[in-house]
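Residues per chain are reported as follows:
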Amino acid sequence: MTVSPMAAPTDRLLRVMPREMRLMSERILSLSAMPKGFFSALCDVVMYSQGAGLGGFDRLLADIETVKAADPAALMLRERVLDVGGQHAWIAVPSALDLLGEVDAPLTILNATAEEELAVIAALGPRLGLQVTAHPVAGGLCLSATRAAPVDPLLDRLMQDGAAIPEALWWRVWALAQTALMPDSEVSRRHAGPVIVTPDGRLIGRTDNDDDTDPGFIRGGRGTAEAKA
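Quick notes on the rules
Residues numbered from 1 in each chain as written. Predicted model: local features only at pLDDT ≥ 70, side-chain atom pairs only at ≥ 80, totals over all residues. Heavy atoms only, no water. Pairing = 2+ DSSP bridges. Helix = DSSP H or I, 4+ residues; strand = E, 2+ residues; numbered from the N terminus. Axes fitted to C-alpha atoms, helices over the stretch in contact; angles between N-to-C directions. Contact = heavy atoms within 4.5 Å. Buried < 20%, exposed > 50% of the residue type's maximum accessible area, 1.4 Å probe, protein only. Salt bridge = Lys/Arg side-chain N within 4 Å of Asp/Glu carboxyl O. Core = buried A, V, L, I, M, F, W, Y, C linked by side-chain atoms within 4.5 Å. Phe/Tyr/Trp six-rings, centres within 6.5 Å; stacked < 30°, edge-to-face > 60°. Arc of directions from axis to C-beta.

Q: How would you summarise the sheet that holds strand β3 (residues 81-83) if you had to cite specific residues and measurements?
A: Hydrogen bonds between backbone groups are what pair the strands of a sheet, and the pairing can be parallel or antiparallel. Judged by pairing direction, the sheet is mixed, and its five strands sit side by side in the order β2-β3-β4-β6-β5 without closing on themselves. Each edge of the sheet is formed by a strand with only one pairing partner; in this case those strands are β2 (76-78) and β5 (130-137). Averaged over all neighbouring strand pairs, the angle between strand axes comes to 25°, with direction disregarded. Packed onto the sheet, helix α5 (residues 93-102) meets β2, β3, β4 (107-110), β5 and β6 (140-147) and runs at close to 45° relative to β6.

Now the structure itself:
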């Protein structure tokens, strides 16, 4: 998908593929204080929420401050009851899937905000060989899982067709994701990609003969010869 972010958004739907969804989620979630290993596990949670017709990226933008403030270490487990402590439902998803896969017994999840997003557990379960069913209980949801052959029909569909996302929403996602990147500057350009370019134009890192890095572009010139002129 290649659309200029400078163009005025319309109400049309964009077909966004898993690579782009994962990339935007990773950048946005990196703005949080969560450990990298944990927020990386949440990237697919957002994508599967989108693919399953739940909140998806609209929910991510609406709840970003709650998600950014999450503390996975604050989850409490007592006798197959996972207390999310008022945090966003997505924070419970990786732990819930692990627990459902380890012990053949129901798991109750309590005190999650955006509780309807717990339904993404059922969408993610099949790829782990878990068919998840749920029923409401006071203050939360009770989940049960049965074993099955691992399949991933939702990801198969997304890999084939992508997810239909309103253009205006997608560029809001893009704009927020950009805030996780270092602002463009001469210094940032010298450290982008697989090499570092020193101020005098030397390359540090990749040394193969196919390297097409042109230090002339770092200062905005059109080529090395012009930059040195």
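Q: Talk me through unusual backbone geometry; I want residue IDs and the actual numbers.
A: Despite not being glycine, glutamate 79 shows a phi value in the positive range, around 50°. Inspection of the secondary structure puts glutamate 79 in the loop between β2 and β3. The class of glutamate 79 is exposed, set by a relative accessible area of 80%. One non-glycine residue, alanine 114, lies in positive phi territory at about 50°. Tracing the backbone through its elements, the reader meets alanine 114 in the loop between β4 and α6 (120-124).

Q: Let's hear about the side chain of glutamine 50: which residues, and what values?
A: Its place among the elements puts glutamine 50 in helix α2 (residues 36-51). Taking relative accessible area as the criterion, glutamine 50 reaches 17% and is therefore assigned buried. Once residues lying within four places of it in the same chain are set aside, the contact partners of glutamine 50 are Gly55, Gly56, Phe57, Ala163, Ala164 and Ile165.

Q: Outline the pattern of salt bridges, supporting the account with residue identities and numerical values.
A: Per the counting criterion, the structure on display carries seven salt bridges. One salt bridge in this structure joins glutamate 20 and arginine 19, with 3.6 Å as the shortest N-O distance. Residue arginine 19 is classed as exposed on the basis of its relative accessible area, which comes to 59%. The salt bridge involving glutamate 65 is made with lysine 68; its shortest N-O contact spans 3.7 Å. With glutamate 65 and lysine 68 both in helix α4 (residues 64-68), this residue pair falls three residues apart, about one helical turn. Residues participating in the shared-partner salt-bridge network are Arg22, Asp44 and Arg127.

Q: An account of the nonpolar core is needed here, citing residue identities and associated values.
A: Counting 56 residues, the largest nonpolar core has Met21, Met34, Ile109, Ile121 and Trp170 as its most contacted members. Sequence-distant contacts of methionine 21, defined by excluding residues within four places in its chain, comprise Val16, Met47, Phe57, Leu158, Ala163, Ile165 and Trp170.

Q: Account for the packing of aromatic side chains, with residues named and values stated.
A: Following the criterion strictly, the structure yields two aromatic pairs and no others. Here tryptophan 171 and tryptophan 174 contribute two aromatic rings whose centre-to-centre distance is 5.7 Å and whose plane-to-plane angle is 80°, an arrangement assigned as edge-to-face. Of this pair, tryptophan 171 and tryptophan 174 both sit in helix α8 (residues 167-178), three residues apart, roughly one helical turn. Classification of tryptophan 171 by relative accessible area gives buried; the value is 9%.

Q: Break down helix α7 (residues 153-161) for me, with residues and values.
A: Along α7, the residues classified as buried are Leu154, Leu155 and Leu158. An end-on view of α7 places all buried positions within 95° of arc, on one side of the element. Residues of α7 that are exposed and angled more than 90 degrees away from the buried face: Pro153, Asp156, Met159 and Gln160. Of the surrounding secondary structure, the elements contacted by the buried residues of α7 are α1 (18-29), α2, α6 and β7 (163-166). Within two residues after α7, glycine 162 carries a phi angle of roughly 70°, on the positive side.

Q: Describe in detail the environment of leucine 158, supporting the description with residues and values.
A: Within the secondary structure, leucine 158 is located in helix α7. For the pair formed by leucine 158 and glutamine 50, sequence separation is 108 residues and the distance between their alpha carbons is 10.0 Å. Apart from the residues within four sequence positions on either side, leucine 158 is in contact with Met17, Pro18, Met21, Met47, Gly51 and Ala163.

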